[in-house]
Amino acid sequence: MGDSSDAAPPITLRRSVGTATATATSAGLAFAAIDYLGVVSILAYAPGATAAFAIFVGGLIVILVSAIFSELNGLYPTAAGIRLYLGRAIGNRTALSVTFTYMTTVVLVIAADAFLIGAAVRHVLNEPSVLAYVWIVVLLGVALAANLKGVRLAGWVQTIVTYTVLAGTAILSVIAMFHVGGSFKQPLDLFGQGTFSGIQAIAFAVFLYAAFEWVTTTAEEARAPRVITRALFIAPLIIWLVASVFALALSHLVTYHALHGSAYPQLLLGRAALGTVGELWMLALTVLTALNTFNGGFLVASRFIYAAARENNLPRLFARLNINAVPWMAVTTLTVVSAAVAAVVFATGQWLLLVSVGAAIECAIYAIGSVCLLVLRSRVQSHRPFRMLLGRPLAAFGALLFSLLFVATAFADPKNSKRFSVAPFTVIALLGAVATAYVYFVVPRLQRAAAARAAASRPRRRPVREATDAGETVGPEDPTID
Amino acid sequence: MADWQELTEALDDYTLSCNGNARLRQMQRDWSRILHFVCSDTHDTFSMDVEKGEIVSVQPGHVGRPDIVVTTTSETFCDMFWGDLNPVQKYLRGEIVVKGSQEDVMRLDAISYVIWPDS
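Counting of residues starts from 1 at the beginning of each chain's written sequence and follows it residue by residue. Written order decides the labels, with chains lettered from A and ligands numbered from 1. Local features in this predicted model are restricted to residues whose pLDDT is 70 or higher, and side-chain atom pairs enter the listing and the counts only when it is 80 or higher, whereas totals over whole chains, interfaces and linings include all residues.

In this section: the overall build of chain A. Counting from the N terminus, the helices are the DSSP runs of H or I reaching at least four residues and the strands are the DSSP runs of E reaching at least two. Looking only at helices and strands, chain A features 15 helices and 0 strands. The exposure scheme places C-beta atoms from the backbone and then counts, for each residue, the other C-beta atoms within 10 Å of its own, assigning buried at 20 or more, exposed at 12 or fewer, and partly exposed in between. Across the 482 residues in chain A, those meeting the buried criterion constitute 54%. For chain A, the proportion of contacts with a sequence separation of at least 24, taken over those separated by at least 6, is 80%. Contact criterion: two residues are in contact if their C-beta atoms, reconstructed from the backbone, are within 7 Å.

Here it is, written out as structure tokens:
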């Protein structure tokens, strides 16, 4: 008989994630190449040093997100956490629609990073602009091949890559501020470059931190629940420091006019700071961000697709595994869709639209997360390793604030603070409508087909047991109930 | 609530099905892990040692330091090892709780999926 000691000590895993790795994962998921463009979007609304102010306020707001997701993660410490707390707070169908829309941000970020890195490489190699798309296809092809082969970045490699990107960006920015063009003698002059002109600056600043909460998907391998909580609070601090010095350096050395039409502001800063060396420095960091985006993004999204297909919420072919135990159809579809989105961005030059769409979706997710906390405070009374102080009023405040930020970014023109644009909202509404229609009309059919298939294809395998002494019939559950 | 004998029968069948599936063995050829299982209702515990995709031992109690810890009811374990339920559905509802890397969680589900694609 199995050991049934009641006072069993807590089990520690042979390989578990500590605070440094979890923090690197969180910061690495947030800090992608698109963040360099995110700073440009902030500068459109908050010129000069006021951009650093916007990033600071954005960071303060994100600390509220850290607290909300820490409590939710403590309640459901699993990779499926978002499905669980959304499902239990707002219902399973709505949860599925929201999760599908949320996952599209992963595709957008992968596509955006592929485009931005391709454009940066082409620029440095001084090739014709059409070759940027060749680089995009090459990058996505390499990522696809590595994923299909089952190649994964080891945790320590990912940690080193993340800290290298963050430290490298910060160091070059500090060099740019203090050692180029004389010294940074009158930093307050940067306040004279324009007027802080709106809530959009703060919303775009929130985008710089976006996706840091995905670290909760590693909750099952964390040494202890507090590891994820610590990462959720430390990672925004690191991103705040790096993004602030980058924004200040950019304001100091590069005119907004030059940034306005550029897909690689970090390269312009590198060249302005240290010439060719600086440009190559920033190119190397940009390419390194791809390792995190492609490794983390492909992994999170493809495993989500696999689980959704196994749950019969997507066609079964998305759960097909290759000989390396990789869901090859999910990975291939992600690559093709990312390449298609990158092609549209390449053809239209609307890369800043991705910033607006990503920022607005993240704000919506944070608003929904706040609502979930509010609802689950009433419905679920179980112990939480982390409990937010003033949870209900702060969650209500978060729901309102992030809804406001959603509206601000969904109708913002990321290039021009004096204009509104319906393009981001149109894209989000389209994505949301497709996801909702799919969940309400296609998923029920898939579920019915799966149930019929399971009932028809094979009998239950578990032997039926005799009735017990207590008169209880012991036997298998009816699989069709699932 | 399933007793230990039922669990043992289910585990024996699961071991045979896994080790006898050539495609699964090839797919899991680089997967060597120690798994711990905890029955949340009976408090029974057992361990499974997987070497390069082959289940080399299943023992009562917790043996060695695990890579993965799976916790659920004894009934769910029995149904899962007999291939009568879809582990992902239970996992996404929070009825199966796993500690381990995302990759290992997926590999664990892949075993059921490859052996019983219609589960």
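Anyway, onward from the coordinates.
For chain B, the helix and strand inventory stands at 5 helices and 5 strands. What you see in chain B, going N to C, is helices and strands ordered as α-α-β-β-β-β-α-α-β-α. A radius of gyration in this sense is built from C-alpha atoms; the matching globule rule multiplies 2.2 Å by the number of residues raised to 0.38. Taking 14 Å as the expected radius of gyration for a compact globule of 119 residues, we find that chain B reaches 13 Å, a close match to that expectation. The principal-axis extent of the C-alpha atoms belonging to chain B is close to 35 × 30 × 25 Å. Taking the contacts inside chain B whose residues are at least 6 apart along the sequence as the reference set, 67% of them involve residues at least 24 apart.

All right, on to the interface of chain B and chain A then. Taken together, the contact pairs 45 residues of chain B with 39 residues of chain A. Broken down by secondary-structure element, the contributors of at least two residues to the side of chain B that touches chain A are helix 2 (22–27), strand 1 (33–39), strand 2 (45–51), helix 3 (74–82), helix 4 (87–92), strand 5 (97–99) and helix 5 (102–115) of chain B. Per-element accounting of the side of chain B that touches chain A gives the leading share, 8 residues, to helix 5 of chain B. Here the residues of the side of chain B that touches chain A are counted per class, giving 19 nonpolar, 15 polar and 11 charged. When residues are sorted by character, Ala, Val, Leu, Ile, Met, Phe, Trp, Tyr, Cys and Pro go into the nonpolar class, Asp, Glu, Lys and Arg into the charged class, and all the rest, Gly among them, into the polar class.

Turning next to the confidence of the model for chain A. Averaged over all residues, the pLDDT of chain A equals 85, while 89% of them reach at least 70. A score between 0 and 100, pLDDT records how confident the predictor is in each residue. Segment residues 470–482 of chain A: pLDDT under 50, and 23 contacts once partners within four positions in sequence are set aside and those in other chains are kept.

Turning next to the sheet that holds strand 4 (residues 68–72) of chain B. Residues and elements named next belong to chain B. Between any two strands, pairing holds if DSSP finds at least two bridges. Strand order across the open sheet formed by 5 strands is 3-2-1-4-5, with mixed pairing between neighbours. Edge positions in the open sheet fall to strand 3 (54–60) and strand 5, since each of these has one partner strand only. Across this sheet, the average inter-strand angle for adjacent strands is 20 degrees, counted without regard to direction. Of the pairings in the sheet, the one linking strand 1 to strand 4 comprises 5 bridges and is parallel in character. From the neighbouring strand, Val38 faces strand 4, where its bridge partner is Thr71. Fitting a line to C-alpha atoms yields each axis, with helices limited to the stretch in contact; the angle taken between N-to-C directions then spans 0 to 180 degrees.

Residues of chain B with pLDDT of at least 70 account for 100%, and the chain-wide mean is 92. Both scores are available for the predicted complex, with the pTM at 0.86 and the ipTM at 0.91.

A general feature of soluble globular proteins is that nonpolar side chains tend to end up buried together. By size, the foremost hydrophobic cluster in this structure holds 210 residues, and its most contacted members are Ile42, Phe115, Leu116, Val206, Ile239 and Ala247 of chain A. In contact with Leu116 of chain A, not counting residues within four places along its chain, are Ala33, Ile34, Leu37, Ala263, Tyr264 and Trp351 of chain A. Think of a nonpolar core as buried Ala, Val, Leu, Ile, Met, Phe, Trp, Tyr and Cys residues chained together by C-beta atoms that fall within 7 Å.

Note: α-helices contain 3.6 residues per turn, so residues at a spacing of three or four share the same orientation. Residues and elements named next belong to chain A. To estimate how far a helix should extend, the number of its residues minus one is multiplied by 1.5 Å. The end-to-end C-alpha separation of helix 6 (residues 131–148) is 26 Å, in line with the 26 Å expected for 18 residues at 1.5 Å each. For helix 6, every residue scored as buried is listed here: Ala132, Tyr133, Ile136, Leu139, Leu140, Ala143, Leu144 and Asn147. The buried side chains of helix 6 occupy one side of the element, clustering within an arc of 135 degrees when seen end-on. Relative to its buried face, helix 6 has exposed residues pointing more than 90 degrees away, namely Gly141, Val142 and Ala145. Those residues of helix 6 that are buried lie in contact with helix 5 (92–124), helix 11 (265–310) and helix 12 (328–348). Phi for Gly150, located one or two positions after helix 6, is positive at around 80 degrees. Of all possible arcs, the one meant is that of the directions from the helix axis to the C-beta atoms.

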